[in-house]
Amino acid sequence: MPRGLFITLEGLDGSGKTTQIKRLAAWLKQRDPAEGVVLTRQPGGTVTGDRIRSLVLDSRSIGLAPMTEMALMFADRAQAIAEVIQPALDAGKIVLCDRFTDSTEAYQGGGRELGSAPVLELHRLLCANLQPDLTLLLLPRLDFSLARARHRNQHVETNTGLNETRFEQEQDAFFTRVWQKYHEIAARDPARVLLIEGDLTIDQVHEQIVAAVSKCLRTLAPQKPA
Ligand code: TMP
């Protein structure tokens, strides 16, 4: 069956992926205004997913067991695949997803030390092992990312009352494990994962992303519906 293109963005909190995904969506729409581009995020992106997002990111959700946290991430993802991602791919659209199963592997598998195996197994069981065509993994310096994420979320809470700081309150050791697991994923799957690291400007990161997405579009173009 013809399929659209599934692109995920990954990285630590404060890595700039939300800025980059919006720029990529704008670039794709400018390149071909007729192209269907669906922008979504995890957790969230559906009504059910937004409710799971509030629960899992709110710092008042005290004492969530790591397994519960992982199960909630997969409940969100299964819903997003059923409701948003798979229908869009079946319709030949380009789906841009801000975080996917690599986040669960990095944060719950690495950060919470549950390991990769249960994450990959749950992905097979609950997500039909759906794999992105391309994953853009942004890993600027760990200290910069964390400082930016913590500052931004405080600001958001002051202005909107939205509390999404549960993960940012983790210690640096947690994020070091997340960082290491992301590197492990990139090394394991270089054909899918483009690792973008170092002190790059927003424009430089965007250029690397555009080059990778253009290549992917050229490769998959013949499979798309007329
Ligand atoms: P973000 O949407 O602002 O990137 O924040 C989502 C937070 O949720 C971020 O700290 C990473 C975390 N997260 C997990 O721990 N596991 C997951 O599977 C996903 C999708 C996100």
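Notes on the structure in this doc start here.

Scoring rules and cut-offs
- Residues numbered from 1 in each chain as written.
- Predicted model: local features only at pLDDT ≥ 70, side-chain atom pairs only at ≥ 80, totals over all residues.
- Heavy atoms only, no water.
- Pairing = 2+ DSSP bridges.
- Helix = DSSP H or I, 4+ residues; strand = E, 2+ residues; numbered from the N terminus.
- Axes fitted to C-alpha atoms, helices over the stretch in contact; angles between N-to-C directions.
- Core = buried A, V, L, I, M, F, W, Y, C linked by side-chain atoms within 4.5 Å.
- Buried < 20%, exposed > 50% of the residue type's maximum accessible area, 1.4 Å probe, protein only.
- Contact = heavy atoms within 4.5 Å.

### Side note on the sheet that holds strand 5 (residues 193-197)
Moving on, step 1. Taken in spatial order, the five strands make up an open sheet running 2-3-1-4-5, and their pairing is parallel. Each edge of the sheet is formed by a strand with only one pairing partner; in this case those strands are strand 2 (37-41) and strand 5. Geometrically, the sheet is characterised by an average inter-axis angle of 15 degrees between neighbouring strands, direction not taken into account.

### Let's talk about the nonpolar core
Moving on, step 1. Counting 23 residues, the largest nonpolar core has Ile7, Leu24, Leu28, Leu96, Leu136, Ile209 and Val213 as the members making the most contacts within it.
Moving on, step 2. Counting only elements with at least two residues in this core, the list comes to strand 1 (5-11), helix 1 (17-31), strand 3 (94-98), strand 4 (134-139) and helix 8 (202-220).
Moving on, step 3. Here this core gets eight residues from one element, more than from any other, and that element is helix 8.
Moving on, step 4. Apart from residues no more than four positions distant in its own chain, Ile7 is found in contact with Ile94, Val95, Leu96, Cys97, Leu134, Leu136 and Val213.
Moving on, step 5. Membership of the second largest hydrophobic core comes to 20 residues, among which are Ile52, Val56, Met73 and Val178.

Distances and angles like these do not, on their own, reveal function.
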